[in-house]
Amino acid sequence: MYSLDSGWLTPAEQLASPNFNQRPEGAVVSLLVVHCISLPPNEFGGPWIRDFFCNSLDCSAHPYFQKISELQVSSHFFIERSGHIVQFVATGDRAWHAGQSSFDGVADCNNYSIGIELEGCETKPYTDEQYLALSKLSRCLMSYYSDISPERICGHSDIAPGRKTDPGPLFDWSYFRQLLANNE
């Protein structure tokens with residue numbers, strides 16, 4: 001059973017990122033954004049994503065890491081291939097996951113969204129464990145934040161078209177939405 005206490009998910013692993021700030025006054029959390037990430041690209045496992053979100057990535061460990069060494073990004077949640085959830089930012093705070101973005105005509109999605117990163121890439125299917133964890137997490141967040149509905153769960157590609165393509169064509173939205181509905 002998932003629950004939120006002061007914006008932190010139980011039973012998620014908690015690893016606080018410095019890459020966040022306060023939401024603007026009056027901002028209402030009303031959107032979930034699904035992303036994907038793999039470090040190095042198209043490789044899974046290892047400490048790299050955790051380190052990246054916590055600004056402790058060893059840039060000498062892989063040539064690609066030099067390209068992202070100056071970035072300061074975070075997500076509220078990260079779901080590993082096993083379905084294990086790591087939380088980096090409290091849900092009441094503004095994680096830096098969406099970048100230049102807009103949903104339903106409202107710009108700067110970081111102000112009113114929760115970011116969920118899946119360990120993955122756009123060329124490999126996601127795991128059943130990830131879909132199950134994502135659906136349970138989404139259900140919990142929808143219970144806590146009443147302005148989030150199934151229609152307000154989208155991909156990074158939906159809020160930043162032309163700039164972002166994740167979670168990609170292999171993310172099975174139908175399967176995810178079926179699981180989401182079955183968790184009710």
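The structure under discussion appears in the preceding block.
Described below are features of the structure shown in this document.

A closer look at the nonpolar core
Proteins that are soluble and globular tend to have nonpolar side chains buried together. Ranked by size, the top nonpolar core spans 28 residues in total, and within it Ile 114, Ile 116 and Leu 141 carry the most contacts. Only β5 (31-37), β6 (77-79), β11 (113-119), α3 (128-144) and α5 (173-182) provide two or more residues apiece to this core. The biggest single contributor to this core is α3, with seven residues.

Concerning the packing of aromatic side chains
Enumeration over the complete set of coordinates arrives at eleven aromatic pairs. Ring plane angle 50° and centroid distance 6.0 Å describe the contact between Phe 171 and Phe 176, whose orientation is recorded as tilted. Assessed through its relative accessible area of 0%, Phe 176 is described here as buried. Among the aromatic residues, ring-to-ring pairing joins Tyr 126, Tyr 131, Phe 171, Trp 173, Tyr 175 and Phe 176 into one connected group. Directly above the ring of Phe 44 sits Arg 81, whose terminal nitrogen or CZ lies 4.2 Å from the centroid.

Here we look at the pattern of salt bridges
Where charged atoms of side chains with opposite charge meet at close range, the side chains can pair. A complete count under the given rule lists three salt bridges for this structure. Across the pair Glu 13 and Arg 50 runs a salt bridge, and its minimum N-O distance is 2.5 Å. Of this pair, Glu 13 sits in strand β3 (residues 13-14) while Arg 50 is found in helix α1 (residues 48-53), placing the two residues 37 residues apart along the sequence. The class of Glu 13 is partly exposed, set by a relative accessible area of 27%. Among the charged side chains, a network of salt bridges with common partners joins Glu 13, Arg 50 and Glu 80.

Observations regarding the side chain of Ser 30
One can find Ser 30 in the loop between β4 (20-22) and β5. By relative accessible area, which is 11% here, Ser 30 ends up buried. Residues in contact with Ser 30, not counting those within four places in the same chain, are Tyr 112, Asp 147, Ile 148 and Arg 152.

Quick notes on the environment of Ser 38
Tracing the backbone shows Ser 38 in the loop between β5 and α1. Residue class for Ser 38 comes out buried when judged on its relative accessible area of 11%. Put simply, Ser 38 and Leu 118 are 80 residues apart on the chain and 8.5 Å apart in space, counted from C-alpha to C-alpha. One polar contact links the side chain of Ser 38 to the main-chain amide nitrogen of Asn 42, over a distance of 2.8 Å.

With respect to the sheet that holds strand β7 (residues 85-87)
If you walk across this open sheet you meet the six strands as β3-β7-β6-β11-β5-β12, and the pairing is mixed. Two strands lie at the open edges of the sheet, namely β3 and β12 (153-155), each paired on one side alone. For β3 and β7, the ladder comprises two bridges, and the chain directions are parallel. Residue pairing for β7: Glu 13 is matched across the bridge by Val 86. Contacts from α3 reach β5, β6, β7, β11 and β12 within the one sheet, and its direction differs from that of β11 by about 170°.

Focus on the pairing of β11
Of all seven residues making up β11, seven are buried, and the element is well covered by its neighbours. Judged by which residues are buried, β11 turns out to be covered on both faces: Ser 113, Gly 115, Glu 117 and Glu 119 on one side and Ile 114, Ile 116 and Leu 118 on the other are all buried. Note: β5 against β11, seven bridges, orientation parallel. Each bridged residue has a counterpart across the sheet, and for Cys 36 the counterpart in β11 is Leu 118. Taken together, the three bridges between β6 and β11 define a ladder with parallel strand orientation. Looking at the pairing, Phe 77 lines up with Ile 116 of β11.

Rules of the game
- Residues numbered from 1 in each chain as written.
- Predicted model: local features only at pLDDT ≥ 70, side-chain atom pairs only at ≥ 80, totals over all residues.
- Heavy atoms only, no water.
- Core = buried A, V, L, I, M, F, W, Y, C linked by side-chain atoms within 4.5 Å.
- Buried < 20%, exposed > 50% of the residue type's maximum accessible area, 1.4 Å probe, protein only.
- Helix = DSSP H or I, 4+ residues; strand = E, 2+ residues; numbered from the N terminus.
- Phe/Tyr/Trp six-rings, centres within 6.5 Å; stacked < 30°, edge-to-face > 60°.
- Lys NZ or Arg CZ within 6 Å of the ring centre and 35° of its normal.
- Salt bridge = Lys/Arg side-chain N within 4 Å of Asp/Glu carboxyl O.
- Contact = heavy atoms within 4.5 Å.
- Polar contact = N/O pair within 3.5 Å; in protein donor to acceptor, adjacent residues only side chain to side chain.
- Pairing = 2+ DSSP bridges.
- Axes fitted to C-alpha atoms, helices over the stretch in contact; angles between N-to-C directions.

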